[in-house]
Amino acid sequence: MNPGPTLGLTAVIAAYTVVLGALLVFMVVMSRKRKRLERRRKELKQ
Amino acid sequence: MRSRILGIASLAGIAVALYFALVYAPTEQTMGVLQRVFYFHLPQAILSYVAAFLVGFGSLMYLITRDLKWDRFAYCNAELGVLFTTTTLITGMIWGRLAWNVWWAGDARTNLELILGLLYVGYLMLRVYLPEREKRARLSTVFGFLAVLDVPINYGAIYWWDTQHPKPVLGPRGGGADPDIKMAIYVSLIAFTIVYTWLLTKRLSLARLEDEVGAMESAVEAS
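Residues numbered from 1 in each chain as written. Chains lettered and ligands numbered in written order. Predicted model: local features only at pLDDT ≥ 70, side-chain atom pairs only at ≥ 80, totals over all residues.

## Topic: the confidence of the model for chain B
Per-residue confidence for chain B gives a mean pLDDT of 90; residues scoring 70 or more make up 96%. Reported for the predicted complex are a pTM of 0.92 and an ipTM of 0.92. (pLDDT = per-residue confidence, 0-100.)

Next up, the structure:
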């Protein structure tokens, strides 16, 4: 079924946002975890 | 340095993939603009399969060598498996709602993709409940191998059973597509493969740090 250009484009934007947003969230979570671990390593070394 | 190069390549790859998906590829006749969801949906699905094979490979190598670097390799891929399975399912649901008028088709392909995602989650959950490092690595391999088993069944589901999910357009048994559409698919697939490699590199580096801090904490507790 062809939902038409407006609805179709909305779906495309939503899908692309989900993918790119999920990648971004994954990156942010990794970055925060790294900062926390580096801080902990520093504490343990002292 | 390698991670930085991969990061730049990933951002450039996504920009090129967006150009090919939104501008270069012609609008498909049957589905219209909605078909462009496919350029992001397909690479996510393929990489969710790749993650399963990499988890299985890492698990097997761990059982052979008992080297924890393979266990790290397996669980980092399992995390990426959760990410890519989730994006596959959500982009598929967006497509399904407009193309078939249902959020969830409930056919073999979609259900098996969900099971694959749950196997990755099961793999990671099991690890949380096993504090002993070696035991955690050994027992979680079971879920790693189950994820590998899911992939060929998931791939074959659209041939073996009557499913709502369309048949593939690429490959020897594919239905065929416009060369420009195929080009956009390949560009997107290459771009997301680079992104996957980048994320895996970063996650592996983080996993090494996790193990290092874990070992330091154990040493402090023991002393």
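## Notes on the interface of chain A and chain B
With 25 residues of chain A at the interface, the matching set in chain B holds 30 residues. A breakdown of the residues in the side of chain A that touches chain B according to their chemical character gives 18 nonpolar, 3 polar and 4 charged. (Contact = placed C-beta atoms within 7 Å. Nonpolar A, V, L, I, M, F, W, Y, C, P; charged D, E, K, R; others polar.)

## Section: the packing of helix α3 (residues 68–99) of chain B against helix α4 (residues 108–128) of chain B
All names here are of chain B. Contact geometry for α3 and α4: axes closest at 9 Å, N-to-C directions at 150°. As α3 packs across α4, the resulting crossing turns out to be left-handed. Counted together, Y75, A78, E79, G81, V82, T85, T86, T88, L89 and G92 of α3 and T110, E113, L114, L116, G117, Y120, V121, Y123, L124 and R127 of α4 form the full contact between these two elements. Across the contact of α3 with α4, the residue classes break down as 10 nonpolar, 7 polar and 3 charged. (Axes fitted to C-alpha atoms, helices over the stretch in contact; angles between N-to-C directions. Helix = DSSP H or I, 4+ residues; strand = E, 2+ residues; numbered from the N terminus. Left-handed = near helix turned anticlockwise from the far one by under 90°.)

## Here's the deal with the environment of V148(B)
Residues and elements named next belong to chain B. For V148, the position within the fold is in helix α5 (residues 133–160). Under the C-beta neighbour-count criterion, V148 is labelled partly exposed, with 19 such atoms within 10 Å. Through-space distance from the C-alpha of V148 to that of L60 is 11 Å; in sequence the pair is 88 residues apart. Those residues in contact with V148, other than ones at most four positions away along the chain, are A52, F53 and G56. (Buried ≥ 20, exposed ≤ 12 C-beta atoms within 10 Å, placed from the backbone.)

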